[in-house]
Amino acid sequence: MAVLVTGGAGYIGSHTCLELIAQGYNVVAVDNFCNSQPESITRVKELAGKSFPFYEIDVRDESALDEIFKNHDTDCIIHFAGLKAVGESVKVPLMYYNNNLLSTIALCSAMKKYNVKRLIFSSSATVYNGANEMPLTEKSLTGGCTNPYGWTKFMCEQILRDTAQSEQDWSIILLRYFNPIGAHISGMIGEDPSDTPNNLMPYISQTAIGRLKCLSVYGGDYPTNDGTGVRDYIHVDDLAKGHVSAIKYSTAHTGTEVFNLGSGVGTSVLGLITAFETASGVKIPYEIAGRRPGDIAVCYASAEKAAEILNWRAEKSIAEACADTWRWQSLNPYGFKNKL
Ligand code: NAD
Ligand code: UFG
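So, here is what we can say about the structure in this document.

Some remarks on the site of ligand 2
Near ligand 2 there are 21 residues, and of these Ser-124, Asn-199, Ser-216, Arg-231 and Asp-295 occur at the shortest range. Tyr-218 is positioned such that a nitrogen or oxygen atom in its backbone is 2.8 Å from an oxygen atom of ligand 2. Arg-231 has a polar side-chain atom sitting 2.7 Å from an oxygen atom of ligand 2. Residue assignment for the shell around ligand 2 shows that the elements contributing at least two residues are helix H7 (200-208) and strand S8 (215-218). Tallying contributions element by element places S8 first for the shell around ligand 2, with four residues.

Some thoughts on the site of ligand 1
As a matter of local geometry, ligand 1 sits amid 28 residues, with Asp-31, Asn-35, Ser-36, Phe-80 and Tyr-149 nearest to it. Val-59 is positioned such that a nitrogen or oxygen atom in its backbone is 2.9 Å from a nitrogen atom of ligand 1. Alone, ligand 1 offers 820 Å² of accessible surface; in the complex the protein occludes 96% of this. Every element with two or more residues in the shell around ligand 1 is listed here: helix H1 (11-22), strand S5 (118-124) and helix H6 (148-166). When its residues are assigned to classes, the shell around ligand 1 shows 13 nonpolar, ten polar and five charged.

Overview of the environment of Asn-99
Tracing the backbone through its elements, the reader meets Asn-99 in helix H5 (residues 93-113). On the accessibility criterion, Asn-99 (8% relative accessible area) is buried.

A look at the environment of Ala-48
Tracing the backbone through its elements, the reader meets Ala-48 in helix H2 (residues 38-48). The class for Ala-48 is partly exposed, based on a relative accessible area of 24%. For the pair Ala-48 and Ile-21, spaced 27 residues apart in sequence, the C-alpha to C-alpha distance is 6.7 Å. Every residue in contact with Ala-48, bar those within four places of it in the chain, is listed here: Leu-18 and Ile-21.

A word on the packing of aromatic side chains
Under the defined criterion, the tally for this structure stands at seven aromatic pairs. With a centroid separation of 5.1 Å and 85° between ring planes, the pair formed by Trp-151 and Phe-154 is classed as edge-to-face. Here Trp-151 pairs with Phe-154, and both are found in helix H6, just three residues apart, close to one helical turn. Across from the ring centre of Phe-259, 5.0 Å away, lies the NZ or CZ of Lys-305, which sits over that ring.

So, the sheet that holds strand S2 (residues 26-31)
Within a sheet, adjacent strands bond to each other through the backbone by hydrogen bonds, running parallel or antiparallel. As summarised here, the arrangement of the seven strands in space is S3-S2-S1-S4-S5-S6-S11, forming an open sheet in which the pairing is parallel. Looking at strand neighbours, the two that pair on one side only are strand S3 (54-56) and strand S11 (255-261), the edges of this open sheet. Direction aside, neighbouring strands of the sheet carry axes that sit 15° apart on average. As defined by bridge partners, S5 adjoins strand S6 (residues 171-177) across seven bridges and the pair is classed as parallel. Bridging across to S6, Ser-124 finds its partner in Tyr-177. Here H6 sits on the sheet and contacts S5, S6 and S11; the angle it forms with S5, its principal contact strand, is near 155°.

Considering the environment of Leu-175
Residue position: Leu-175 is located in strand S6. When its relative accessible area of 0% is taken as the criterion, Leu-175 is described as buried. Put simply, Leu-175 and Glu-157 are 18 residues apart on the chain and 9.8 Å apart in space, counted from C-alpha to C-alpha.

Observations concerning the state of the cysteines
Under the definition given, this model contains zero disulfides. No disulfide involves Cys-156; its sulfur sits 8.7 Å from the nearest other cysteine sulfur, which is in Cys-108. With no disulfide of its own, Cys-214 has Cys-322 as its nearest cysteine by sulfur position, at a separation of 18 Å.

Focus: the nonpolar core
By size, the foremost hydrophobic cluster in this structure holds 38 residues, and its most contacted members are Leu-20, Val-27, Ile-120 and Leu-175. In contact with Leu-175, not counting residues within four places along its chain, are Ile-120, Phe-121, Ser-122, Ser-123, Ser-124, His-243, Ala-246, Phe-259 and Leu-261. Residues Leu-65, Ala-106, Ala-164 and Leu-174 belong to the second largest nonpolar core, which totals 28 residues.

Remarks on unusual backbone geometry
Most of the time, phi is negative for any residue but glycine, and the peptide bond is trans. A cis geometry characterises the amide bond from Met-134 onward to Pro-135, with omega recorded as -5°. Despite not being glycine, Phe-33 shows a phi value in the positive range, around 60°. Within the secondary structure, Phe-33 is located in the loop between S2 and H2. A positive phi angle, near 60°, is found at Asn-311, a position not held by glycine. Along the chain, Asn-311 turns up in the loop between helix H10 (304-310) and helix H11 (318-331). Among the residues examined, Asn-311 registers a relative accessible area of 70% and is labelled exposed.

Rules used in this analysis
Residues numbered from 1 in each chain as written. Chains lettered and ligands numbered in written order. Predicted model: local features only at pLDDT ≥ 70, side-chain atom pairs only at ≥ 80, totals over all residues. Heavy atoms only, no water. Near = heavy atom within 4 Å. Polar contact = N/O pair within 3.5 Å; in protein donor to acceptor, adjacent residues only side chain to side chain. Helix = DSSP H or I, 4+ residues; strand = E, 2+ residues; numbered from the N terminus. Areas by Shrake-Rupley, 256 points an atom, 1.4 Å probe, with all protein chains shown as cover. Nonpolar A, V, L, I, M, F, W, Y, C, P; charged D, E, K, R; others polar. Buried < 20%, exposed > 50% of the residue type's maximum accessible area, 1.4 Å probe, protein only. Contact = heavy atoms within 4.5 Å. Phe/Tyr/Trp six-rings, centres within 6.5 Å; stacked < 30°, edge-to-face > 60°. Lys NZ or Arg CZ within 6 Å of the ring centre and 35° of its normal. Pairing = 2+ DSSP bridges. Axes fitted to C-alpha atoms, helices over the stretch in contact; angles between N-to-C directions. Disulfide = S-S within 2.5 Å. Core = buried A, V, L, I, M, F, W, Y, C linked by side-chain atoms within 4.5 Å.

Structural data, given as structure tokens:
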């Protein structure tokens, strides 16, 4: 039996494929490389010390999915494939709704057809309403998303809940990630944004390596300890392990269950910059700029439900995540490519 990983070449997918193999699972991965590189899969195979089937397909392509379900005895799916750039989603919302919703629907239709009814879905803390108190629990209010990307996750969650409701043998786990950072300790795989990074950590590391000149800190007047935004950063290896815990849980449970995957600890932008400078020994040039539209001051998880039910907790520190990110960035200044 195999775990089918969609978006397996991406940042979180590649680390999860590696973790699944390390824990003895058979993996089949698919990706259309719209935001990743084939080299990522090559390196996962190298690190794992074994090969696994990989298919370059678009998850919206039902006939391509047919072939995969026919060829591989699959008992569980992790659905990472999706577009994730918040700003881009505001400019091209239809592309986001098309990709993220239709891939989820096509996947569930194929799962139903082949009687594979266990799915782990990549959701996001972005589905929570901005008015909630911190920490966010799985019962906090959702909706009122500030961008189309967030709505696609909100809508996919609903599609999946309705699907699980329709037949008793579905087991669907919605994992709401907080802010993934870090890289595999080998420095061979990591986050490789195709354009100028939107997210803080890759912006910091590309500034450190000299690809970018100066980091803009979006807002220095938030009601936080140092005036900058606070987020819940979680090492991507911990996140990968969270998926394996979710798979184990789903073998014995049906219906839909939601879990936050976060550390439960908030770190400010300046706090992350300082941690990165300490880990890398490189000074990060930055300037305090205006607030970024749509941002909230503070966002962090209650990680208790995952601890109690999945027996999973984030273990790696911000310092380890910074050291791992720097190793990845300095060994691969241009990511998986040799140059820009
Ligand atoms: P990523 O872009 O690195 O990985 C997503 C992968 O999916 C890419 O390799 C891309 O090529 C592939 N893909 C996209 N659409 C596809 C399609 N239609 N068919 C086949 N492949 C397709 O992103 P990531 O950071 O690894 O995120 C993985 C998932 O987690 C995404 O669904 C994302 O929305 C979600 N998520 C990410 C974050 C984050 O901050 N990284 C936070 C919360 C949720
Ligand atoms: N920030 C800067 N400068 C930058 C980039 C970010 O100061 O160049 C700040 C932001 O204002 C925020 C913090 O750094 O205070 C983190 O910002 P990110 O863009 O890295 O992350 P977000 O919390 O805004 O959002 C991310 C993902 C979303 C996801 C969310 C919750 O981009 O897709 O985490 O999981 F939904």
